[in-house]
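What follows is each chain in one-letter form.
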Amino acid sequence: MKVGVIALQGAVSEHIEAVKRAFLEMDVKGEAIQVKGKRELKEVQGLIIPGGESTTISRLIEKSGLSQMIKDKAFAKMPIMGTCAGCILLAKEGDLEVNKTDTNLLGLMDMKVARNAFGRQRESFETKLEIKGFDSPYKAVFIRAPAIEKIWSECETLATFEDKIVLARQDNLIAAAFHPELTNDTRVHKLLLNMIMNVDF
Ligand code: GLN
């Protein structure tokens, strides 16, 4: 099994390491690779769009021709997880902060996201989340994090913080407003890996 991490900007190596740790803990043979272009994207069975700067990542995935291919793979049911900036890019709608920067959203999940939703005073913080399906609290790291303002249709809330949705799932897609690659707890990455092992696409 090969999992790719979009490696154009942002928190790439941390995700690669987290996927490797999750593979080890699950006793599954797998590889985590950087995806910089179409050639690598063709090879993977699962994908992570990392945190970073959503405007920059959106520009770079357009420029590298990856945008349409990510959408095609998503429609073909390949599991994809977007974290922080990646969470923003998965959304169908953005708030004013997203729209005024001309960010090209991939538009794959039935949700509206708000950029930098936790305010300037709290650029980064850690908190324990109750995540649906997890048997104990999960320590989450938020860095200039977005929030999922609204979901509709098939999109499902997996965790909230201060009345804001911070983890959501829609079929083969997962959006996390926080950074699961920055803690040792691999449970969120395992959600993605389990999805990859259970789908045929
Ligand atoms: N605030 C950033 C953005 O809007 C996201 C921050 C992050 O990914 N850590 O793109």
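Everything in this summary refers to the structure shown in the same document. (Residues numbered from 1 in each chain as written. Predicted model: local features only at pLDDT ≥ 70, side-chain atom pairs only at ≥ 80, totals over all residues. Heavy atoms only, no water.)

Examining the layout of surface pockets
Logical step 1: Counted as a void, the largest pocket has a volume near 150 Å³.
Logical step 2: Its residues assigned to classes, the lining of the largest pocket shows five nonpolar, five polar and three charged. (1 Å grid on protein atoms, 1.4 Å probe; cavity = no way out; pocket = protein on both sides within 12 Å on 5 of 7 lines; lining within 4 Å. Points joined across faces, edges and corners; volume = space filled by probe spheres on them. Nonpolar A, V, L, I, M, F, W, Y, C, P; charged D, E, K, R; others polar.)

A word on the nonpolar core
Within soluble globular proteins, side chains that are nonpolar generally end up buried alongside one another.
Logical step 1: Counting 36 residues, the largest nonpolar core has Leu129, Ile131, Phe142, Val166 and Phe178 as the members making the most contacts within it.
Logical step 2: If you list the elements that add at least two residues to this core, you get strand S1 (2-6), helix H1 (12-26), strand S7 (124-129), strand S8 (138-143), strand S10 (156-161), strand S11 (164-170), strand S12 (173-176) and helix H7 (187-198).
Logical step 3: Broken down by element, this core gets its largest block of residues, six residues, from H1.
Logical step 4: Among residues more than four places away in sequence, those in contact with Ile131 are Tyr138, Leu158, Ala159, Leu167, Phe178 and Val188.
Logical step 5: By size, the runner-up hydrophobic cluster in this structure holds 34 residues, among which are Leu41, Ile49, Met111 and Val113. (Core = buried A, V, L, I, M, F, W, Y, C linked by side-chain atoms within 4.5 Å. Buried < 20%, exposed > 50% of the residue type's maximum accessible area, 1.4 Å probe, protein only. Helix = DSSP H or I, 4+ residues; strand = E, 2+ residues; numbered from the N terminus. Contact = heavy atoms within 4.5 Å.)

Details of the site of the ligand
Logical step 1: Every residue close to the ligand is listed here: Gly51, Gly52, Glu53, Ser54, Cys84, Ala85, Ile88, Arg115, Asn116, Ile143, Arg144 and His179.
Logical step 2: His179 places a side-chain nitrogen or oxygen 2.9 Å from a nitrogen atom of the ligand.
Logical step 3: Alone, the ligand offers 300 Å² of accessible surface; in the complex the protein occludes 96% of this.
Logical step 4: Because more than half of its atoms lie within 2 Å of the grid, the ligand is assigned to the largest pocket.
Logical step 5: Each residue belonging to the shell around the ligand can be placed in one class, and the counts come to four nonpolar, five polar and three charged. (Near = heavy atom within 4 Å. Polar contact = N/O pair within 3.5 Å; in protein donor to acceptor, adjacent residues only side chain to side chain. Areas by Shrake-Rupley, 256 points an atom, 1.4 Å probe, with all protein chains shown as cover. Sits in = over half its atoms within 2 Å of the grid points.)

Looking at the environment of Pro146
Logical step 1: Looking at where Pro146 falls in the secondary structure, it is placed in the loop between S8 and strand S9 (147-151).
Logical step 2: In this structure Pro146 comes out as buried when scored by relative accessible area, which is 1%.
Logical step 3: Note: C-alpha distance between Pro146 and Ala117 (29 residues apart in sequence) is 4.9 Å.
Logical step 4: Setting aside its immediate chain neighbours within four residues, Pro146 contacts Cys84, Cys87, Ile88, Ala114, Arg115, Asn116, Ala117, Phe118 and Ala177.

Some thoughts on the packing of H1 against H7
Logical step 1: Relative to each other, H1 and H7 sit at 65°, their axes nearing to 10 Å. Here H1 and H7 pass one another in a crossing that is right-handed. Touching His15, Ala18, Val19, Ala22, Phe23, Glu25 and Met26 of H1 are His189, Lys190, Leu193, Asn194 and Met197, all from H7.
Logical step 2: A class-by-class count of the residues in the contact of H1 with H7 yields seven nonpolar, three polar and two charged. (Axes fitted to C-alpha atoms, helices over the stretch in contact; angles between N-to-C directions. Left-handed = near helix turned anticlockwise from the far one by under 90°.)

Considering unusual backbone geometry
Logical step 1: Even without being a glycine, Cys84 presents a positive backbone phi close to 55°.
Logical step 2: With respect to the element layout, Cys84 can be found in the loop between strand S4 (80-83) and helix H5 (85-90).
Logical step 3: A relative accessible area of 4% places Cys84 in the buried class.
Logical step 4: Positive phi, normally seen in glycine, also occurs at Asn116, with a value near 45°.
Logical step 5: Here Asn116 is to be found in the loop between strand S6 (109-114) and S7.

The values reported here are purely geometric and, on their own, carry no functional implication.
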